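# Architecture at a glance
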Amino acid sequence: MEAWVDSLLTWYRANRREMPWRGHPDPYAVWVSEIMLQQTQVDTVRPYFTRFLKTFPGIASLAAAADEPLLKAWEGLGYYTRVRNMRKAARTMLERFGGKLPRTPAELRTLPGIGDYTAASVASICFGVPEPVVDGNVARVFARFFLLRDDFSAQPPRRRLADRLRPHIEASGAPSDFNQAMMELGALVCTPRRWVCESCPLRAECRAAAEGCQADYPVSKAAKPLPLRKADVLLLRRPEDGAILFSRHAGERLLGGFWELPAKTGCPIPIGRPRRLMVYHQTFSHFRLEMTVRTAPVRAAGPLPEDGTFRWETDLSALPLTTATRKILGHPQRP
Ligand code: SF4
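The numbering scheme is per chain: residues are counted from 1 as the chain's sequence reads. At least 70 in pLDDT is required for a residue's local features to be given in this predicted model, at least 80 for side-chain atom pairs to be given and counted, and no such filter applies to totals for whole chains, interfaces and linings, which use all residues. Neither water nor hydrogens contribute to the side-chain values; these are computed over all heavy atoms in the structure.

Take the site of the ligand next. Here a residue is considered near a molecule or strand provided that any single heavy atom belonging to it is located within 4 Å of it. Surrounding the ligand, one finds Arg144, Val189, Cys190, Trp195, Cys197, Cys200, Arg203, Cys206, Ala209 and Gln214. Polar here means any residue other than Ala, Val, Leu, Ile, Met, Phe, Trp, Tyr, Cys and Pro, which are nonpolar, and Asp, Glu, Lys and Arg, which are charged; Gly is therefore polar. For the shell around the ligand, the residue count by class is seven nonpolar, one polar and two charged.

As C-alpha coordinates, then:
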(Lines give C-alpha, C1' and ligand atoms only; values in the text may rest on other atoms or scores of the structure.)
Protein backbone atom coordinates (compact mmCIF):
# COMPACT_ATOMS: atom_id res chain seq x y z
CA MET A 1 0.00 0.00 0.00
CA GLU A 2 1.29 3.48 -0.88
CA ALA A 3 2.07 5.82 2.01
CA TRP A 4 -0.68 8.30 1.00
CA VAL A 5 -3.33 5.53 1.08
CA ASP A 6 -2.22 4.45 4.53
CA SER A 7 -2.29 8.04 5.74
CA LEU A 8 -5.74 8.59 4.19
CA LEU A 9 -7.23 5.53 5.95
CA THR A 10 -5.68 6.46 9.30
CA TRP A 11 -7.04 10.00 9.01
CA TYR A 12 -10.51 8.76 8.10
CA ARG A 13 -10.72 6.30 10.99
CA ALA A 14 -9.83 9.08 13.44
CA ASN A 15 -11.93 11.86 11.90
CA ARG A 16 -15.06 10.38 10.31
CA ARG A 17 -18.34 12.06 11.18
CA GLU A 18 -21.18 10.11 12.72
CA MET A 19 -24.03 9.62 10.25
CA PRO A 20 -27.13 7.51 10.74
CA TRP A 21 -26.35 5.43 7.64
CA ARG A 22 -22.63 5.01 8.33
CA GLY A 23 -22.00 1.42 9.44
CA HIS A 24 -25.68 0.58 8.88
CA PRO A 25 -25.95 -3.20 8.44
CA ASP A 26 -28.72 -3.04 5.81
CA PRO A 27 -27.56 -2.37 2.19
CA TYR A 28 -31.05 -0.98 1.49
CA ALA A 29 -30.43 1.83 4.03
CA VAL A 30 -27.03 2.60 2.51
CA TRP A 31 -28.58 2.79 -0.95
CA VAL A 32 -31.34 5.15 0.31
CA SER A 33 -28.69 7.41 1.87
CA GLU A 34 -26.56 7.45 -1.28
CA ILE A 35 -29.52 8.50 -3.43
CA MET A 36 -30.55 11.18 -0.94
CA LEU A 37 -27.00 12.52 -0.75
CA GLN A 38 -26.84 13.13 -4.51
CA GLN A 39 -27.03 16.94 -4.86
CA THR A 40 -27.96 17.31 -1.17
CA GLN A 41 -25.95 18.18 1.96
CA VAL A 42 -25.43 15.65 4.76
CA ASP A 43 -27.24 17.75 7.39
CA THR A 44 -30.29 18.17 5.17
CA VAL A 45 -30.44 14.43 4.53
CA ARG A 46 -30.28 13.24 8.17
CA PRO A 47 -33.96 13.80 9.16
CA TYR A 48 -35.24 12.67 5.75
CA PHE A 49 -33.25 9.44 5.97
CA THR A 50 -34.67 8.50 9.38
CA ARG A 51 -38.27 9.32 8.36
CA PHE A 52 -37.97 7.54 5.02
CA LEU A 53 -36.76 4.32 6.65
CA LYS A 54 -39.67 4.44 9.10
CA THR A 55 -42.19 4.88 6.27
CA PHE A 56 -40.52 2.45 3.86
CA PRO A 57 -38.39 0.08 5.95
CA GLY A 58 -37.34 -2.21 3.10
CA ILE A 59 -37.33 -2.99 -0.61
CA ALA A 60 -40.81 -4.59 -0.59
CA SER A 61 -42.52 -1.61 1.10
CA LEU A 62 -40.80 0.83 -1.26
CA ALA A 63 -41.80 -1.23 -4.31
CA ALA A 64 -45.45 -1.15 -3.14
CA ALA A 65 -45.46 2.59 -2.26
CA ALA A 66 -48.35 4.70 -3.60
CA ASP A 67 -47.49 8.04 -5.25
CA GLU A 68 -48.62 10.44 -2.53
CA PRO A 69 -46.84 8.95 0.51
CA LEU A 70 -43.75 8.43 -1.65
CA LEU A 71 -43.60 12.04 -2.81
CA LYS A 72 -44.54 13.27 0.68
CA ALA A 73 -41.54 11.40 2.14
CA TRP A 74 -39.29 13.22 -0.37
CA GLU A 75 -41.03 16.62 -0.29
CA GLY A 76 -38.44 19.38 0.02
CA LEU A 77 -35.44 17.23 -1.01
CA GLY A 78 -35.88 18.12 -4.70
CA TYR A 79 -34.84 16.16 -7.79
CA TYR A 80 -37.93 13.99 -7.46
CA THR A 81 -36.95 11.70 -10.30
CA ARG A 82 -34.61 10.15 -7.73
CA VAL A 83 -37.39 8.75 -5.58
CA ARG A 84 -39.47 7.56 -8.52
CA ASN A 85 -36.42 5.74 -9.85
CA MET A 86 -35.88 4.20 -6.42
CA ARG A 87 -39.37 2.71 -6.50
CA LYS A 88 -38.74 1.35 -10.02
CA ALA A 89 -35.39 -0.05 -8.87
CA ALA A 90 -37.04 -1.69 -5.83
CA ARG A 91 -39.56 -3.39 -8.14
CA THR A 92 -36.73 -4.62 -10.37
CA MET A 93 -34.90 -5.99 -7.32
CA LEU A 94 -38.02 -7.97 -6.38
CA GLU A 95 -38.37 -9.34 -9.90
CA ARG A 96 -34.74 -10.03 -10.78
CA PHE A 97 -32.58 -10.06 -7.68
CA GLY A 98 -34.63 -11.96 -5.10
CA GLY A 99 -35.71 -8.77 -3.30
CA LYS A 100 -32.11 -7.77 -2.48
CA LEU A 101 -29.61 -5.24 -3.73
CA PRO A 102 -27.29 -6.85 -6.28
CA ARG A 103 -23.64 -6.96 -5.21
CA THR A 104 -21.63 -5.95 -8.28
CA PRO A 105 -21.28 -2.47 -9.80
CA ALA A 106 -22.30 -3.87 -13.22
CA GLU A 107 -25.58 -5.29 -11.87
CA LEU A 108 -26.26 -2.20 -9.76
CA ARG A 109 -25.84 0.01 -12.83
CA THR A 110 -28.70 -1.85 -14.56
CA LEU A 111 -31.13 -0.37 -11.99
CA PRO A 112 -32.94 2.94 -12.63
CA GLY A 113 -31.22 5.92 -11.01
CA ILE A 114 -27.92 4.13 -10.32
CA GLY A 115 -24.93 5.43 -12.26
CA ASP A 116 -21.20 4.82 -11.88
CA TYR A 117 -20.90 6.75 -8.63
CA THR A 118 -23.78 5.17 -6.73
CA ALA A 119 -22.92 1.69 -8.02
CA ALA A 120 -19.34 2.11 -6.78
CA SER A 121 -20.35 3.53 -3.41
CA VAL A 122 -23.01 0.88 -2.66
CA ALA A 123 -20.83 -2.02 -3.90
CA SER A 124 -17.79 -0.85 -1.90
CA ILE A 125 -19.58 0.18 1.29
CA CYS A 126 -22.01 -2.75 1.50
CA PHE A 127 -20.10 -5.56 -0.18
CA GLY A 128 -16.42 -4.56 -0.03
CA VAL A 129 -15.99 -4.37 -3.83
CA PRO A 130 -12.82 -2.38 -4.69
CA GLU A 131 -14.45 0.08 -7.10
CA PRO A 132 -13.45 3.75 -6.64
CA VAL A 133 -16.13 6.44 -6.40
CA VAL A 134 -15.48 9.53 -8.47
CA ASP A 135 -17.78 12.51 -8.12
CA GLY A 136 -17.03 16.22 -8.24
CA ASN A 137 -15.57 16.19 -4.71
CA VAL A 138 -13.26 13.24 -5.27
CA ALA A 139 -12.21 14.54 -8.70
CA ARG A 140 -11.29 17.90 -7.16
CA VAL A 141 -9.05 16.29 -4.54
CA PHE A 142 -7.20 14.17 -7.13
CA ALA A 143 -7.02 16.98 -9.68
CA ARG A 144 -4.98 18.80 -7.02
CA PHE A 145 -3.12 15.74 -5.77
CA PHE A 146 -1.94 14.57 -9.23
CA LEU A 147 -2.22 18.00 -10.98
CA LEU A 148 -4.77 16.78 -13.53
CA ARG A 149 -6.06 19.33 -16.05
CA ASP A 150 -9.13 17.35 -17.21
CA ASP A 151 -12.63 18.82 -17.17
CA PHE A 152 -14.26 16.44 -14.67
CA SER A 153 -17.79 17.56 -15.45
CA ALA A 154 -17.59 14.99 -18.30
CA GLN A 155 -17.79 11.22 -17.82
CA PRO A 156 -14.65 10.06 -19.73
CA PRO A 157 -12.15 11.89 -17.43
CA ARG A 158 -14.04 10.58 -14.37
CA ARG A 159 -13.73 7.02 -15.71
CA ARG A 160 -10.02 7.52 -16.43
CA LEU A 161 -9.54 8.73 -12.87
CA ALA A 162 -11.43 5.68 -11.55
CA ASP A 163 -9.09 3.45 -13.60
CA ARG A 164 -6.09 5.22 -12.09
CA LEU A 165 -7.42 4.81 -8.54
CA ARG A 166 -8.51 1.16 -8.87
CA PRO A 167 -5.08 -0.40 -8.11
CA HIS A 168 -4.84 1.80 -5.01
CA ILE A 169 -8.25 0.86 -3.64
CA GLU A 170 -7.48 -2.81 -4.34
CA ALA A 171 -4.17 -2.56 -2.48
CA SER A 172 -5.81 -0.73 0.43
CA GLY A 173 -7.72 -3.86 1.50
CA ALA A 174 -10.48 -1.53 2.75
CA PRO A 175 -12.61 -0.37 -0.21
CA SER A 176 -15.43 0.95 1.98
CA ASP A 177 -13.13 3.10 4.11
CA PHE A 178 -11.07 4.21 1.10
CA ASN A 179 -14.12 5.57 -0.71
CA GLN A 180 -15.71 7.12 2.34
CA ALA A 181 -12.38 8.71 3.24
CA MET A 182 -12.23 10.33 -0.19
CA MET A 183 -15.78 11.65 0.12
CA GLU A 184 -15.05 12.96 3.62
CA LEU A 185 -11.79 14.60 2.57
CA GLY A 186 -13.52 16.37 -0.33
CA ALA A 187 -16.30 17.56 1.98
CA LEU A 188 -14.19 18.67 4.95
CA VAL A 189 -10.57 19.37 4.04
CA CYS A 190 -10.07 19.96 0.31
CA THR A 191 -13.18 21.98 -0.58
CA PRO A 192 -13.68 24.12 -3.69
CA ARG A 193 -12.57 27.42 -2.17
CA ARG A 194 -10.82 26.29 1.01
CA TRP A 195 -8.04 23.73 1.43
CA VAL A 196 -6.61 22.93 4.83
CA CYS A 197 -3.38 21.36 3.61
CA GLU A 198 -1.75 21.41 7.03
CA SER A 199 -4.34 18.92 8.34
CA CYS A 200 -4.64 16.90 5.13
CA PRO A 201 -3.46 13.28 5.10
CA LEU A 202 -2.38 13.66 1.45
CA ARG A 203 -0.18 16.69 2.14
CA ALA A 204 3.19 14.89 1.89
CA GLU A 205 2.63 13.82 -1.72
CA CYS A 206 0.18 16.46 -2.97
CA ARG A 207 1.58 18.28 -5.99
CA ALA A 208 -0.77 21.26 -5.78
CA ALA A 209 0.21 21.82 -2.15
CA ALA A 210 3.90 21.54 -3.07
CA GLU A 211 3.53 24.11 -5.86
CA GLY A 212 0.98 26.33 -4.10
CA CYS A 213 -1.43 26.17 -7.03
CA GLN A 214 -4.49 24.67 -5.29
CA ALA A 215 -6.73 27.47 -6.62
CA ASP A 216 -5.97 26.50 -10.24
CA TYR A 217 -7.39 22.98 -9.87
CA PRO A 218 -9.69 21.50 -10.94
CA VAL A 219 -9.83 23.27 -14.28
CA SER A 220 -13.41 24.19 -15.04
CA LYS A 221 -15.14 25.45 -18.13
CA ALA A 222 -16.98 28.74 -17.62
CA ALA A 223 -20.55 27.97 -16.61
CA LYS A 224 -23.24 29.01 -19.09
CA PRO A 225 -26.02 31.21 -17.66
CA LEU A 226 -29.15 29.18 -16.93
CA PRO A 227 -32.20 29.80 -19.13
CA LEU A 228 -35.15 31.62 -17.54
CA ARG A 229 -38.62 30.05 -17.48
CA LYS A 230 -41.61 32.20 -16.60
CA ALA A 231 -44.86 30.97 -15.09
CA ASP A 232 -48.13 32.64 -14.08
CA VAL A 233 -50.10 31.04 -11.25
CA LEU A 234 -53.21 31.87 -9.25
CA LEU A 235 -53.80 31.86 -5.52
CA LEU A 236 -57.57 31.40 -5.36
CA ARG A 237 -59.71 31.10 -2.23
CA ARG A 238 -63.13 29.51 -1.99
CA PRO A 239 -65.46 32.37 -0.98
CA GLU A 240 -67.36 30.46 1.73
CA ASP A 241 -64.40 29.20 3.83
CA GLY A 242 -61.12 30.58 2.41
CA ALA A 243 -59.79 27.15 1.29
CA ILE A 244 -57.10 27.40 -1.43
CA LEU A 245 -57.33 25.78 -4.86
CA PHE A 246 -54.53 23.38 -5.86
CA SER A 247 -54.04 21.42 -9.03
CA ARG A 248 -51.99 18.27 -9.57
CA HIS A 249 -48.97 18.53 -11.84
CA ALA A 250 -49.49 16.16 -14.77
CA GLY A 251 -46.96 13.62 -16.08
CA GLU A 252 -44.25 11.41 -14.62
CA ARG A 253 -41.25 13.68 -14.94
CA LEU A 254 -39.85 16.15 -12.45
CA LEU A 255 -42.91 17.38 -10.54
CA GLY A 256 -45.53 14.91 -11.80
CA GLY A 257 -47.92 13.96 -8.96
CA PHE A 258 -47.12 17.02 -6.84
CA TRP A 259 -49.78 19.61 -6.05
CA GLU A 260 -49.29 23.29 -6.84
CA LEU A 261 -51.13 26.55 -7.39
CA PRO A 262 -53.09 26.35 -10.66
CA ALA A 263 -51.72 27.99 -13.80
CA LYS A 264 -53.43 31.20 -14.93
CA THR A 265 -54.05 29.79 -18.38
CA GLY A 266 -56.61 27.00 -18.24
CA CYS A 267 -57.87 27.92 -14.74
CA PRO A 268 -60.53 25.26 -14.00
CA ILE A 269 -63.10 27.61 -12.34
CA PRO A 270 -64.67 30.93 -13.34
CA ILE A 271 -62.90 33.91 -11.76
CA GLY A 272 -62.92 37.69 -11.86
CA ARG A 273 -60.09 40.00 -12.90
CA PRO A 274 -56.68 38.80 -11.56
CA ARG A 275 -54.46 41.12 -9.53
CA ARG A 276 -50.70 40.63 -8.98
CA LEU A 277 -49.59 39.53 -5.49
CA MET A 278 -45.88 38.75 -5.78
CA VAL A 279 -43.10 37.37 -7.96
CA TYR A 280 -41.30 34.23 -6.75
CA HIS A 281 -37.81 33.17 -7.94
CA GLN A 282 -36.19 29.72 -7.70
CA THR A 283 -33.05 28.30 -9.29
CA PHE A 284 -33.03 24.66 -10.44
CA SER A 285 -30.09 22.71 -11.82
CA HIS A 286 -31.03 23.42 -15.45
CA PHE A 287 -33.09 26.62 -15.37
CA ARG A 288 -34.22 29.60 -13.33
CA LEU A 289 -37.90 30.01 -12.54
CA GLU A 290 -39.74 33.32 -12.29
CA MET A 291 -43.26 32.71 -11.07
CA THR A 292 -45.80 35.54 -10.93
CA VAL A 293 -48.54 34.89 -8.38
CA ARG A 294 -51.91 36.55 -8.85
CA THR A 295 -55.21 36.35 -7.03
CA ALA A 296 -58.78 36.90 -8.22
CA PRO A 297 -62.31 36.66 -6.84
CA VAL A 298 -63.78 33.18 -7.32
CA ARG A 299 -67.20 33.31 -9.02
CA ALA A 300 -68.14 29.64 -8.58
CA ALA A 301 -66.03 27.06 -6.72
CA GLY A 302 -67.04 23.87 -8.46
CA PRO A 303 -67.31 21.33 -9.93
CA LEU A 304 -63.56 20.69 -10.08
CA PRO A 305 -61.70 18.35 -12.45
CA GLU A 306 -60.04 15.24 -10.94
CA ASP A 307 -56.67 16.99 -10.72
CA GLY A 308 -58.04 19.93 -8.70
CA THR A 309 -58.75 20.22 -4.97
CA PHE A 310 -59.61 22.91 -2.41
CA ARG A 311 -57.68 22.61 0.86
CA TRP A 312 -57.47 24.66 3.99
CA GLU A 313 -53.97 25.80 4.85
CA THR A 314 -54.25 23.87 8.12
CA ASP A 315 -54.93 20.65 6.21
CA LEU A 316 -51.91 20.35 3.93
CA SER A 317 -49.84 17.83 5.85
CA ALA A 318 -50.65 14.81 3.66
CA LEU A 319 -50.59 16.68 0.34
CA PRO A 320 -47.21 16.60 -1.46
CA LEU A 321 -46.61 20.20 -2.53
CA THR A 322 -43.99 21.57 -4.87
CA THR A 323 -41.25 23.57 -3.15
CA ALA A 324 -42.35 26.72 -4.99
CA THR A 325 -45.92 26.30 -3.69
CA ARG A 326 -44.80 25.70 -0.12
CA LYS A 327 -42.53 28.75 -0.22
CA ILE A 328 -45.21 30.97 -1.73
CA LEU A 329 -47.73 29.90 0.93
CA GLY A 330 -45.19 30.67 3.68
CA HIS A 331 -43.91 33.89 2.10
CA PRO A 332 -44.07 37.03 4.27
CA GLN A 333 -45.28 39.12 1.31
CA ARG A 334 -48.23 36.83 0.72
CA PRO A 335 -51.51 38.36 1.93
S1 SF4 B 1 -2.80 18.77 0.50
FE2 SF4 B 1 -4.17 20.49 0.22
S3 SF4 B 1 -4.57 20.63 -1.97
FE4 SF4 B 1 -3.65 18.62 -1.57
S5 SF4 B 1 -5.39 17.27 -1.37
FE6 SF4 B 1 -4.85 17.98 0.69
S7 SF4 B 1 -6.10 19.82 1.08
FE8 SF4 B 1 -6.17 19.35 -1.12
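So, next bit.
On to the pattern of salt bridges. What makes a salt bridge here is a side-chain nitrogen of Lys or Arg within 4 Å of a carboxyl oxygen of Asp or Glu, nothing more. A complete count under the given rule lists 18 salt bridges for this structure. One salt bridge connects Arg160 with Asp150, and the closest N-O pair in it is separated by 2.9 Å. Of this pair, Arg160 sits in helix α10 (residues 155-172) while Asp150 sits in the loop between α9 (136-146) and α10, and the two are 10 residues apart along the sequence. Strands here are runs of E lasting at least two residues and helices are runs of H or I lasting at least four, both read from the DSSP assignment and numbered beginning at the N terminus.

Take helix α3 (residues 42-55) next. For α3, spanning 14 residues, the distance from its first C-alpha to its last is 20 Å, which sits close to the expected 20 Å at 1.5 Å a residue. Elements in contact with the buried residues of α3: α2 (27-37), α4 (59-63), α5 (67-74) and α6 (81-96). Given a helix with a known number of residues, its expected span is that number minus one, times 1.5 Å. Whether two residues are in contact is decided by their heavy atoms, any of which lying within 4.5 Å being enough.

Another aspect to go through is unusual backbone geometry. Among all residues save glycine, negative phi is the norm, and among peptide bonds the norm is trans. Tyr217 connects to Pro218 through a cis peptide bond whose omega is -5°. Relative to the helices and strands, Pro218 resides in the loop between α12 (207-211) and β1 (228-235). The residue Gln39 is not glycine, and still its phi comes out positive at about 65°. Mapping Gln39 onto the fold places it in the loop between α2 and α3. Looking at Gln39, the relative accessible area reads 61%, which means it is exposed. At Tyr79, a residue that is not glycine, the phi angle is positive and equals roughly 45°. Tracing the chain through its elements places Tyr79 in the loop between α5 and α6. Only protein chains enter the area calculation, which uses a 1.4 Å probe; residues under 20% of their type maximum are buried, those over 50% are exposed, and those in between are partly exposed.

Running from N to C, α5 and α6 cross one another at 130°; their axes reach a closest spacing of 10 Å. On the basis of their axis angle, the class for α5 and α6 is oblique. In the packing of α5 onto α6, the handedness of the crossing is right-handed. When α5 is examined against α6, the residues Asp67, Leu70, Leu71 and Trp74 are found in contact with a partner set consisting of Arg82, Val83, Arg84, Met86 and Arg87. The residue inventory of the contact of α5 with α6, partitioned by class, reads five nonpolar, no polar and four charged. What counts as an axis is a line fitted to C-alpha atoms, over the stretch in contact for a helix, and the angles between N-to-C directions run from 0 to 180 degrees. In what follows, roughly perpendicular refers to angles from 65 to 115 degrees, roughly parallel to angles under 35, roughly antiparallel to angles over 145, and oblique to any angle outside these ranges. Helix crossings are classified by the rotation of the near helix relative to the far one: an anticlockwise turn of less than a right angle makes the crossing left-handed, while a clockwise turn makes it right-handed.

In this section: empty space enclosed by the protein. Cavities and pockets were defined on a 1 Å grid built from protein atoms only: a cavity is a group of points that admits a 1.4 Å probe but offers it no way out, a pocket is an open group of points flanked by protein on both sides within 12 Å along at least five of seven lines, and a lining residue is one with an atom within 4 Å of any such point. Grid points are joined across faces, edges and corners, and a volume is the space filled by probe spheres set on the points. Using the criterion set out here, one finds one cavity of 30 Å³ or more in the structure. Taken as a whole, the largest cavity encloses approximately 110 Å³ of empty space. In this structure, the largest cavity is lined by 14 residues; those nearest its centre are Cys190, Cys197, Cys200, Leu202 and Cys206. Its residues placed into classes, the lining of the largest cavity shows 11 nonpolar, one polar and two charged.

This part takes up the packing of helix α8 (residues 116-127) against helix α11 (residues 175-188). At a minimum axis distance of 7 Å, the contact between α8 and α11 shows a crossing angle of 135°. When the axes of α8 and α11 are compared, the pair comes out oblique. Both α8 and α11 take part in a crossing whose hand is left-handed. Taken together, the residues of α11 that come into contact with α8 (itself represented by Tyr117, Ala120, Ser121, Ser124 and Ile125) are Pro175, Ser176, Asn179, Gln180 and Met183. Looking at the contact of α8 with α11, its residues break down into five nonpolar, five polar and no charged.

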